[in-house]
Structure formats: structure tokens, C-alpha cells
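Below, each chain spelled out in residue letters.
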Number of protein chains: 2
Amino acid sequence: MFEGLSAFPLTPLVQGEIDEKAFISLITNLATAGVNSIGALGSTGSYAYLTIEQRARAARLAVENADGIPVMVGIGAIRYEDVLQVTEDAQNAGVSAVMLAPVSYQKPTDEEVYALYENVSKYLSVPLCLYDNPATTGFQFSDELLIEVANLPSIGSIKLTRLPEDIPTATERVSLLRQRLPVNISIGIGGDWRAATGLSAGCHVWYSTFGGLFPRTALDIVNAVQSGDIKRAEMLSGALEPLWQLFRAYGSIRVTASIAELFNYAKSPCLPFPLSSLTGDALHHLELIQEDLRNLQ
Amino acid sequence: MFEGLSAFPLTPLVQGEIDEKAFISLITNLATAGVNSIGALGSTGSYAYLTIEQRARAARLAVENADGIPVMVGIGAIRYEDVLQVTEDAQNAGVSAVMLAPVSYQKPTDEEVYALYENVSKYLSVPLCLYDNPATTGFQFSDELLIEVANLPSIGSIKLTRLPEDIPTATERVSLLRQRLPVNISIGIGGDWRAATGLSAGCHVWYSTFGGLFPRTALDIVNAVQSGDIKRAEMLSGALEPLWQLFRAYGSIRVTASIAELFNYAKSPCLPFPLSSLTGDALHHLELIQEDLRNLQ
């Protein structure tokens, strides 16, 4: 399942509660578009801001509305016992994979991070995607640790958020990782503005916030790379550069939430407080490209 | 209450549950030593790793066993609704203050952090200590934001974890902050190895992990500064340099937990998984100074 487009939808909230209708609409849209997998409850899906019960409910809603498309959910939490509970609930809900970032309060050591993955993997009946995201966890995986964890039996994929910006250097990086990783491990790229480069450089899968809202446009980029037309992939992604600029400046979750609110896919405010969709100048920047965004699907 | 020594005890755990006997012993030791306040459920007290129910219970145990000494508890959580619940529980338990760091998953903006403090302050019947700890939150307060938040009516103190290392530069920094902060705000220093310097530079209070285990030795340092004997304070803190080295290298929570385990103040392992007390070389380094530590109290 760790290939092509893995689309990460928002989990729209209303005053801290899941807006189930809006969430189901987003899931249904992804299923209809035919994405390869749905990353419900990723960073974009605000997994870290939800209660254990809400996470169980969202996992179930996602699986029930995915029309057979594999669903992956984030299982990270500061409290280890919560990780295990969320994992059990997700597996009971019928997810096809789980994703784990080393969410923590105290900065963990490499040994502690390895112990986390090693222990969690004992409870898994589905494959795990290792999520390397220093921007949210504050933890930097070394290549050595990445490879050590990837050798645990349950690991199926690695989601990278760091990759060189040009295709030749990125290709070198992906090839090096592939040589050192077990053969069955899929390498995925997060950070939507790097996706065309990452896929062209040999990544198997694009873990995409953008694709959670505009799956068909994202699939166009994936299909272009898969058919060998890297120029077209770069052109399609390049056309989205004004959006990528906003992603980099304000965070993709805030921009995506603002688009969802503007287009009435979600009620405003849809993010967990104190996170906020765009306001002031930032919102104005988004409104300037609003008409272009309406052509995306 | 935000003056002198604020001692931050561990919350010893046994398999994810609070070891109440060990926790009460630590609190009682602080009360007997006559610390100025008890910072139960600080970073050292693993607040971020506990359930809402455990946090309510620990707050109650701390107040009940503090013999009238004011208790402060950490109220931070990724989920805003959890912050409010923990705050309500803590106030019902009779705490004298709360402490809030901008704990988050997505890196928050300045506006979001301000909105967090502004909204939480509406629910407070006790003063709040603003906790600036980029090492755990990943968020850096600018001076402008620090001052803006400090002007909210409920703020009583600011806990800094960053300060210049020499007394003259640190004094300059503390004076500058004091000029810009409301007059009623107490400035506190965290990071035990900086405490003698911070207090000598004009900080009102030492928020101390070390003091959570060795309150009398910590009070000696505070008393030396308060009686104007800065040389003695520096000498006392300097004698602890081998311990401060371990704090800086391995994190004060891991070192303190290891000492508590070595001295049978807590069962091993007492930290929330995957956090681990010291092992291997690190533990060996601690054992090398074990005899000196036995002279502390």
C-alpha cells in the first residue's frame, strides 16, 4: 500500500469535536478520486490534538467511508500507554497501516526512540510507517537510527520530510538510503513542494497534505512521474509554487484549513485551538490565488 | 510565592502508574526542608506523560502533603481542552499557582501562543507562571511576546531556561527584562547549573529539579545569595559541577531519576517509557560521584 499517492485529509473540528459530516466528505472525495491510500489522522489530520476516543472514532469513520482503499492512521502520542491504546483501536477499526513519529516532551535519546518502535511493533498486526518529522517532534533521526528501526519486522515505509532540492542530489540520497534499507521498505516523501522532486528521485510514495484536499491534481503529478514524464510533473508542481510558498511560510495545515474553510469543505474555525487558519496578510495572500485554486480538484 | 526555592520533585512511576508512596515521600521531604514552594508536576514531574486523572490525583496528593507550603503544578498539554480540565482539577485540589509552557505538536505562531495564554487566564483563580522552555516545546519566546503575555492579569512569574553564563551579562539581561515587565512579575531561573548565577543576577526564584531531591543543599545556595554572599553561592554550586555536567549531557530528569533509583527514593525504572534513567557509561559516570551525592540533603 505504500506507493503512489497517500492522501492526508484534515480532520475538521467544531469547538474541539470532530465535524463528522465534513470529515466523511473529505474521505469520500479521496475514495472517489482513487488515491492509493488515505493517511487519515496524520499531522494534517490533527491526530496529536484529539482524545483517544476521537481517534478511534475517526479511524472507524475513515475505514467505513474509504470504499476499500487502504487507510493508515497516526498513532503517536506523548504517553506510551496512549500509543498502545490508539494502536489497538485503529487495528480494531480495520486500518491497513499505522504511522508513528517519536512524539515526546523531553527530547528523547536514540536508544529511547528505538525502544519505542521496538515495543510498539510487538503490538502490530499491520505494517508501520516510520515518520521522520523534526519540525513537529524536535527529534532528528540519524541514518544509523533510521536503518536500525527500519530493520524491525513491522516497518513497511519511511516518510521523509527532508530531501535535497534538486533531482540529481535527491536521487543520490534516495539511492543511498535504498541501498542501506531492507529491500521491502518503501521510501516516501512528505512536504508537498518537494513531492515532484522526491518522486522523480525514486521515492515510492507521496504522503500528501495537498492530495488530501485536491487528490486528482496530486494524482496527475504522480501519474506523470510514473509514466516517465518528469518534465510534466515538474511543470504541474511548478504551477502550484504560489501555494507551496504559502505552505512554507505559514505551515501546510493552516493553509489547507483556510482553503477548506474558504471553499466550504469545513466550518471556520476548523483547526484545534490555539492553531488558527490564516488571518490578515496571510489570508490576503491566499485570497489572491483563490481563483487558481478553484481549478484544482 | 514566586521567590526563593521552588523545588520540582519527580513523579515516580511504576509501569505507567504513580508510585504514590514514593511521590508523597518526596513531597514530605520538601515540606520538612521548608522550601518556598513545591513545583509538583513540572517537566521533572513528567506532567506531559500523565493522564488527566493522574494529574488531578498528583495535584491533590501534593497539596495534602505539603504542610501548607504553596504548590504549583504544570497545566500544559497539546490538547487545549485538556489544559482547561487539568487547570480546573488543579484549582479544585487547592494549588496556589499553575505553570504553563506552550506545549504543542505543530509549531505555533506568536499569535497562537498569545491566544493560548489569554484564553487560559480567563479560567484562573490562581497566578500563572509562564514557562519558557524551547528544549521541550520547540517554541522560542521573543522578548516582545514574553512581555505581551506577562501583561495578562493572571501572570505572576516567568520561568526562564536561557540566561547568559556570567553574572554581569546575566544581571544586564535580568535588569532589562525587569524594566520591561510589569512590576509584579517575578523572574525565575530554571536549569540548575545556572541558578547561582541567575539568583546573583537578580532572579527572584530558582525553579529547581535538583532542589526537588536535595532541598537543603539548594536552600544553602539560595540563602547564600539572599544574604549577599555570592562567593559562597558560587562555591556551593561550583562543588556540584560534576553533577551539572551530567545534567547537561543526559538531561536533568534522567540524572535525577537515576539518583532517586540509586538511593531507593523510587523503584527502577521510575520514568515514563520510553524515557530511561541512565545506563552504560552514563550510569558509570553517575556512580563515580555517588559518594559525593550522599553528602547532599
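Quick caveat, the model's predicted, so the values are computed rather than measured. (Residues numbered from 1 in each chain as written. Chains lettered and ligands numbered in written order. Predicted model: local features only at pLDDT ≥ 70, side-chain atom pairs only at ≥ 80, totals over all residues. Heavy atoms only, no water.)

What should I look at first to understand the interface of chain A and chain B in this one?
Interface size is commonly expressed as the accessible surface area that is lost when the partners come together. Taken together, the contact between chain A and chain B spans 32 residues of the former and 32 residues of the latter. Where chain A abuts chain B, roughly 3000 Å² becomes buried across the two surfaces, and 58% of that area is made up of carbon and sulfur atoms. Broken down residue by residue, the surface that chain A buries against chain B is led by A:Tyr49, A:Tyr105 and A:Phe273, which jointly contribute 28%. The salt bridge partner of B:Glu112 is A:Arg254, with a shortest N-O separation of 2.7 Å. Counting every contact that joins chain A to chain B gives 20 residue pairs in polar contact (both at pLDDT 80 or more). Mapped onto the side of chain A that touches chain B, the elements with two or more residues apiece are helix H3 (80–93), helix H4 (110–121) and helix H13 (252–262) of chain A. Per-element tally for the side of chain A that touches chain B: the top contributor is H4(A), with four residues. Taken together, the residues that form the side of chain A that touches chain B break down as 16 nonpolar, 11 polar and five charged. (Contact = heavy atoms within 4.5 Å. Buried area = accessible area lost by both parts, 1.4 Å probe. Salt bridge = Lys/Arg side-chain N within 4 Å of Asp/Glu carboxyl O. Polar contact = N/O pair within 3.5 Å; in protein donor to acceptor, adjacent residues only side chain to side chain. Helix = DSSP H or I, 4+ residues; strand = E, 2+ residues; numbered from the N terminus. Nonpolar A, V, L, I, M, F, W, Y, C, P; charged D, E, K, R; others polar.)

What should I look at first to understand the sheet that holds strand E5 (residues 71–74) of chain B in this one?
Each strand in a sheet pairs with its neighbour through backbone hydrogen bonds, running either in the same direction (parallel) or in the opposite one (antiparallel). Residue and element names in this part refer to chain B. Here we have eight strands rolled up into a closed barrel, ordered E1-E4-E5-E6-E7-E8-E9-E10, and parallel in their pairing. Adjacent strand axes in the sheet meet at a mean angle of 25°, parallel and antiparallel pairs treated alike. Summarising the sheet, strand E6 (residues 97–100) and strand E7 (residues 128–131) pair through three bridges and their orientation is parallel. By the bridge assignment for E7, Met99 is matched with Cys129. Packing of helix H10 (residues 215–226) onto the sheet brings it into contact with strand E1 (4–7) and strand E10 (205–208), and relative to E1 it is tilted by some 155°. (Pairing = 2+ DSSP bridges. Axes fitted to C-alpha atoms, helices over the stretch in contact; angles between N-to-C directions.)

Whenever I open this one, the sheet that holds strand E5 (residues 71–74) of chain A confuses me. Can you help?
Residue and element names in this part refer to chain A. One closed barrel holds the eight strands; their spatial order is E1-E4-E5-E6-E7-E8-E9-E10, and the pairing between them is parallel. Going across the sheet, the axis of each strand differs from the next one's by a mean of 25°, ignoring polarity. With four bridges connecting them, strand E8 (residues 155–160) and strand E9 (residues 186–189) associate as parallel partners. Across the sheet, residue Leu160 finds its bridge partner in E9, namely Ile189. With respect to the sheet, H4 is in contact with strand E6 (97–100) and strand E7 (128–131), its orientation differing from that of E7 by roughly 165°. Where helix H6 (residues 143–150) meets the sheet, its contacts fall on E7 and E8, and the angle it forms with E8 comes to roughly 155°.

Help me understand the relation of the copies chain A and chain B, please; the structure alone is not making it clear to me.
Between the two copies of the chain lies a rotation about an axis combined with a shift along it. At an RMSD of 0.0 Å, chain A and chain B line up after a rotation of 180° and a shift of 0.0 Å along the axis. In short, the pair behaves as if placed about a two-fold rotation axis. In terms of C-alpha distance to the rotation axis, chain A has A:Gly138 as its closest residue, with the C-alpha 3.3 Å off the axis. (Least-squares fit on C-alpha atoms with pLDDT ≥ 70 in both.)

Even after reading the chapter, I still don't get the environment of A:Leu293, so can you show me in this structure?
With respect to the helices, strands and loops of the structure, A:Leu293 is situated in helix H15 (residues 290–293). Residues in contact with A:Leu293, not counting those within four places in the same chain, are A:Phe214, A:Leu243, A:Ile259, A:Phe263 and A:Leu286.

Can you help me understand the environment of B:Gln245 in this one?
Within the secondary structure layout, B:Gln245 lies in helix H12 (residues 241–250). C-alpha of B:Gln245 to C-alpha of B:Leu177: the two residues are 68 residues apart in sequence and 28 Å apart in space.

In this structure, what is going on with the packing of helix H1 (residues 20–33) of chain B against helix H2 (residues 52–64) of chain B? I would like to understand it.
A pair of packed helices is captured by two measures, namely the crossing angle of their axes and the spacing between those axes. Residue and element names in this part refer to chain B. Interhelical geometry of H1 versus H2 gives an angle of 40° and a closest axis separation of 9 Å. Of the possible angle classes, the one that applies to H1 and H2 is oblique. Viewed along their axes, H1 and H2 form a crossing whose handedness is right-handed. Contacts between H1 and H2 pair Glu20, Phe23, Ile24 and Ile27 from the former with Arg57, Ala58, Leu61 and Ala62 from the latter. Its residues placed into classes, the contact of H1 with H2 shows six nonpolar, no polar and two charged. (Parallel < 35°, antiparallel > 145°, perpendicular 65-115°, else oblique. Left-handed = near helix turned anticlockwise from the far one by under 90°.)

Just checking my understanding: could you explain a negative patch on the surface for this structure?
All names here are of chain A. A cluster of like negative charges, contributed by Asp110, Glu111, Glu118 and Glu148, occupies part of the molecular surface. Take the negative patch: its biggest share by element is three residues, from H4. Within the secondary structure, Glu148 is located in helix H6. (Patch = residues over 30% accessible without salt bridge, like charges linked within 9 Å, V, L, I, M, F, W, Y side chains within 5 Å. Areas by Shrake-Rupley, 256 points an atom, 1.4 Å probe, with all protein chains shown as cover. Lys, Arg positive; Asp, Glu negative; His and termini not counted. Charge placed at Lys NZ, Arg CZ, Asp CG, Glu CD.)

What's the story with the packing of aromatic side chains in this structure? I'm lost.
For any pair of aromatic rings, the description rests on two quantities: the centre-to-centre distance and the angle between the ring planes. Evaluation of the coordinates by the stated rule reveals 20 aromatic pairs over all chains. With 4.5 Å between their ring centres and 65° between their planes, A:Tyr80 and B:Phe273 make a pair best called edge-to-face. Here the residue A:Tyr80 occupies a position in helix H3, and B:Phe273 occupies one in the loop between helix H13 (252–262) and helix H14 (280–288), the pair thus bridging two chains. On the basis of an interplanar angle of 80° and a centroid distance of 5.3 Å, the ring pair of A:Phe210 and A:Trp244 is categorised as edge-to-face. Here A:Phe210 is found in helix H9 (residues 210–213), whereas its partner A:Trp244 is found in helix H12 (residues 241–250), with 34 residues between them in sequence. (Phe/Tyr/Trp six-rings, centres within 6.5 Å; stacked < 30°, edge-to-face > 60°.)

Mind showing me how you'd approach the pattern of salt bridges here?
Two side chains of opposite charge can pair, provided their charged atoms sit close to one another. Residues and elements named next belong to chain A. Inspection of every chain in the model, using the stated rule, returns 20 salt bridges over all chains. Note that Asp82 and Arg79 form a salt bridge whose closest N and O atoms lie 3.8 Å from each other. Note on Arg79: relative accessible area 8%, which makes it buried. A salt bridge links Glu291 to Arg294, with the nearest nitrogen and oxygen atoms 3.9 Å apart. A cluster of three or more residues bridged by salt bridges with shared partners is formed by Arg79, Glu81 and Asp82. (Buried < 20%, exposed > 50% of the residue type's maximum accessible area, 1.4 Å probe, protein only.)

For this particular structure, what's the right way to read unusual backbone geometry?
Generally, phi is negative for residues other than glycine and the peptide bonds are trans, each holding for most cases. The step from B:Ser268 to B:Pro269 runs through a cis peptide bond, and the omega angle for that step is 0°. Secondary-structure assignment places B:Pro269 in the loop between H13 and H14. The linkage connecting B:Phe273 with the following residue, B:Pro274, adopts the cis geometry, with an omega of 5°. With respect to the element layout, B:Pro274 can be found in the loop between H13 and H14. Of note in this structure, A:Ser46 is not a glycine but carries a positive phi near 55°. In this fold, A:Ser46 is placed in the loop between strand E4 (37–40) and helix H2 (52–65).

These values are about where atoms sit, not about what they do.
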